[in-house]
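# Fold and geometry: a report
So the chains spell out like this:
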Amino acid sequence: MSDRWLYAWGLGSVAFGGVSLIVPLYVVSLGGDPFTLGVLAAAAAFAGVPGALTFGGLADRTGKRRGFVVAALGLVAVMAALVPLTQSIPIVVGANAVIWFASAAALPILTLLAVTDVPDSQWSAQIARLNTYQGVGWALGLFAGAVWTAGAELVLDPLAAQQGFLLACAGCAGLSCVAAVRLLPPDPRPGEEPTPRKLRRAIRRAGRFNVRGVTFPFSPVRVDPRDLHPSRLARRFTPDLTLYFGAIVLVFAGSAVFFAPLPAFLGDAGYGSDGIFALYLVSSVASAVFFDRVGRLAARHDAELVQVAGLLGRAIGLPLVALVGIVFGATAIGIAGTAVVFVLIGLSWAVIAVTTGTIVTQLAPAGVRGEALGVYSALMAFAGGLGSLLGGWLAASSYGLAFAVAGGLVLGGAGLVVLLWHRTAAVTALNRSAS
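None of these values were measured; they are calculated from a predicted model. (Residues numbered from 1 in each chain as written. Predicted model: local features only at pLDDT ≥ 70, side-chain atom pairs only at ≥ 80, totals over all residues. Heavy atoms only, no water.)

## Thoughts on the overall build of the protein chain
Counting secondary structure elements, the protein chain contains 15 helices and zero strands. Taking all 435 residues of the protein chain together, 57% fall into the buried category. Within the protein chain, counting contacts between residues at least 6 apart in sequence, those at least 24 apart form 88% of the total. Of the roughly 16400 Å² that the protein chain leaves accessible, carbon and sulfur atoms contribute 68%. (Helix = DSSP H or I, 4+ residues; strand = E, 2+ residues; numbered from the N terminus. Buried < 20%, exposed > 50% of the residue type's maximum accessible area, 1.4 Å probe, protein only. Contact = heavy atoms within 4.5 Å. Areas by Shrake-Rupley, 256 points an atom, 1.4 Å probe, with all protein chains shown as cover.)

## With respect to the side chain of E304
Along the chain, E304 turns up in helix α12 (residues 303-328). The side chain of E304 is buried and forms no salt bridge, while R423, the nearest opposite charge, is found at 9.1 Å. Beyond its immediate sequence surroundings of up to four residues, E304 is in contact with I359, V417, L420, W421 and T424. (Lys, Arg positive; Asp, Glu negative; His and termini not counted. Salt bridge = Lys/Arg side-chain N within 4 Å of Asp/Glu carboxyl O.)

## Re the packing of helix α1 (residues 5-29) against helix α4 (residues 89-114)
Contact geometry of α1 with α4 gives a least axis separation of 11 Å together with a crossing angle of 155°. The angle between the axes of α1 and α4 places the two elements in the roughly antiparallel class. In this structure, α1 meets α4 at a crossing whose hand is left-handed. In contact with W5, W9, F16, V19, S20, V23, Y26 and V27 of α1, α4 contributes I89, V92, N96, I99, W100, S103, A106, L107, L110 and A114. Among the residues making up the contact of α1 with α4, the classes are represented as 15 nonpolar, three polar and no charged. (Axes fitted to C-alpha atoms, helices over the stretch in contact; angles between N-to-C directions. Parallel < 35°, antiparallel > 145°, perpendicular 65-115°, else oblique. Left-handed = near helix turned anticlockwise from the far one by under 90°. Nonpolar A, V, L, I, M, F, W, Y, C, P; charged D, E, K, R; others polar.)

## Here's the deal with helix α11 (residues 273-300)
Taking 1.5 Å of rise per residue, the 28 residues of α11 would be expected to cover 40 Å, and the 41 Å separating its terminal C-alpha atoms lies within 8% of that figure. The largest bend along α11 reaches roughly 40° and is located at F291. Residues of α11 that are buried: S273, I276, F277, L279, Y280, L281, S283, S284, A286, S287, V294 and A298. (Expected span 1.5 Å × (residues − 1). Bend = angle between axes of the 7 residues up to and from the residue.)

## What to know about the nonpolar core
Y244, F245, F258, L262, L266, Y280 and V321 are the most contacted members of the largest nonpolar core, which has 113 residues in total. Excluding its chain neighbours within four sequence positions, the residues that come into contact with V321 are F258, L262, F265, V341, F342, I345 and F403. Grouped together as the second largest cluster of nonpolar side chains are six residues, V306, A350, V351 and V354 included. (Core = buried A, V, L, I, M, F, W, Y, C linked by side-chain atoms within 4.5 Å.)

## Things to note about the pattern of salt bridges
All chains considered together, the criterion is met by one salt bridge. Note that R423 is salt-bridged to D240, the shortest N-O span being 2.7 Å. Of this pair, R423 sits in helix α15 (residues 399-434) while D240 sits in helix α9 (residues 239-259), and the two are 183 residues apart along the sequence. Residue R423 is classed as partly exposed on the basis of its relative accessible area, which comes to 38%. Under the relative-accessibility criterion, D240 is labelled buried at 16%.

## Let's talk about the confidence of the model for the protein chain
Where the model shows low pLDDT, its predicted coordinates should not be examined in detail. For the protein chain, per-residue confidence averages 84 on the pLDDT scale, and residues scoring 70 or more make up 83% of the total. Across the protein chain, helix α10 (residues 262-268) holds the top mean pLDDT of 95, while helix α8 (residues 230-235) sits lowest at 57. (pLDDT = per-residue confidence, 0-100.)

## Points about the state of the cysteines
Should the sulfur atoms of two cysteines be covalently bonded, the bond is a disulfide. With the rule as written, the count across this model stands at zero disulfides. Take C169: it sits in no disulfide, and the sulfur closest to it among the cysteines is that of C172, at 7.0 Å. Owing to a relative accessible area of 3%, C169 belongs among the buried residues under this scheme. (Disulfide = S-S within 2.5 Å.)

## Quick notes on a nonpolar patch on the surface
There is a patch of nonpolar side chains on the surface, built from F35, V39, F46, F382, L386, L389, L390 and W393 and spanning about 700 Å² of accessible area. Elements represented by at least two residues in the nonpolar patch include exactly α2 (34-62) and α14 (369-395). Looking at the nonpolar patch element by element, the count peaks at five residues for α14. Turning to its location among the elements, W393 is positioned in helix α14. Residue W393 is classed as exposed on the basis of its relative accessible area, which comes to 57%. (Patch = residues over 30% accessible without salt bridge, like charges linked within 9 Å, V, L, I, M, F, W, Y side chains within 5 Å.)

Here's what the structure looks like:
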C-alpha cells in the first residue's frame, strides 16, 4: 500500500495545529476573558470522546471508514471557515467544539486504515509513520501561524490577520479533504479487519506519542469504542491501577488549568500572536527532540520514577511561566526566560507521553489492557475539560493563582505516582522474600 495518503492527513494536521491556537487568540481579540477561554477549551475537551465513540461506532457498524474520515475533514474545513465570519463568541465556541469532535472522531478510524493491506509485522511501523506525519503537520501549523501573524500584522490589524489565518487553515483542511478522497486506503473487506487485540498491541509497540499533547493536553490520543467496556474493566480494576488513574486526572487537570487561559496571559504580558505561536512551537519541538532520549531513559530505569522526575519539572514550570511573565513581561529577558520554561514543559510532556502508556500496561490485568488504555485517553479529556473550566475561573481573578494551582495539581499527581512506586516496590520485595 502506498503511503501517499499520509500526506493528506499530514495536511489536515497542519490545519489542526494552526486552529488549536488561532481560535483562542481570536476569542481574546473579540473581547473574551480568561474564563471564556476556559469554556472554549472545556467544550473542545468534552467533545473529543463522544466524537471518537460516535464515529468509531458508526464506522464499525457500516464498515465504511473512508467516508467518515472525509466527512470529519470536511466538517473541520466548514467550521474553520465559519469562525472568522462571525464575531459571536458563543458561535466560535460551538464551531471549535465541532472541530475537535471531528478530530477525535477521525483518529481511531485512521489507525485502522493505516494497517489495511499491511502485513502484521509492519503494523507498528505504519502506525508510527502516521503519528510522525501528524506531529510534523501539527508543528508546521504552529510555525505557519507564527510566520503568518508576524507578516500580516505589519499591514493589517490583529483581528483581520487572525481571520485571514483562520481562512487559510480552513483551506488547508479543505485540501486535505479532497486529497483524502483520492488517496485514503480502501475500506477493509469483511473478514480482513485487524482484531482489536492485535491492533492494540501494534499501537503500544508504535508508541502513543503525540506532539499536539504538548500544548493541547485535553484531547484524547485515541478512543476506540472497542477499547471501552466499562463494566468489565470496573470489575477488574486493581487498587494500583485506580490510584494511577487518580494521578492521571490530577496531572491533566493541572495541565489544562494552565493552558486554557495561557493565550490571554501571554497577550496581557505583551506578546503578539506571532510570539505566542513561536512559544508553543518551541515547546512542541523540544518535546519531539527529547522523545527518543526519554524513551531510552525509561527503558533503563523504573518508568514510575522517570515519570515523577518529569512531573516535578512540569509542576515547577507551570507557575514559573507566570512569575517570569509578571516580572519581566515581553522584554528580552522575559522572552528568553519564558522560552526556556516552555522547553522544560515540552520535555515534561515527552516524559509523560513515554511513560504513561507503559505504566498503565504494566498495572492493568492482561485481559483488559486495551480497555485500560482507552479509559486513560478518556480520562485525559475529562480531566482536561474540568481543568479548563477551573483554570479560566481562577485566571479571571489572578493568573498567578491559576498557574500555582496548576502546578499544585501536577505535584499532587506526582505524589500519587510516588505512592504507587512505593506500593509496587513493597510488593516486589515481599514476593522475592517469599520465593
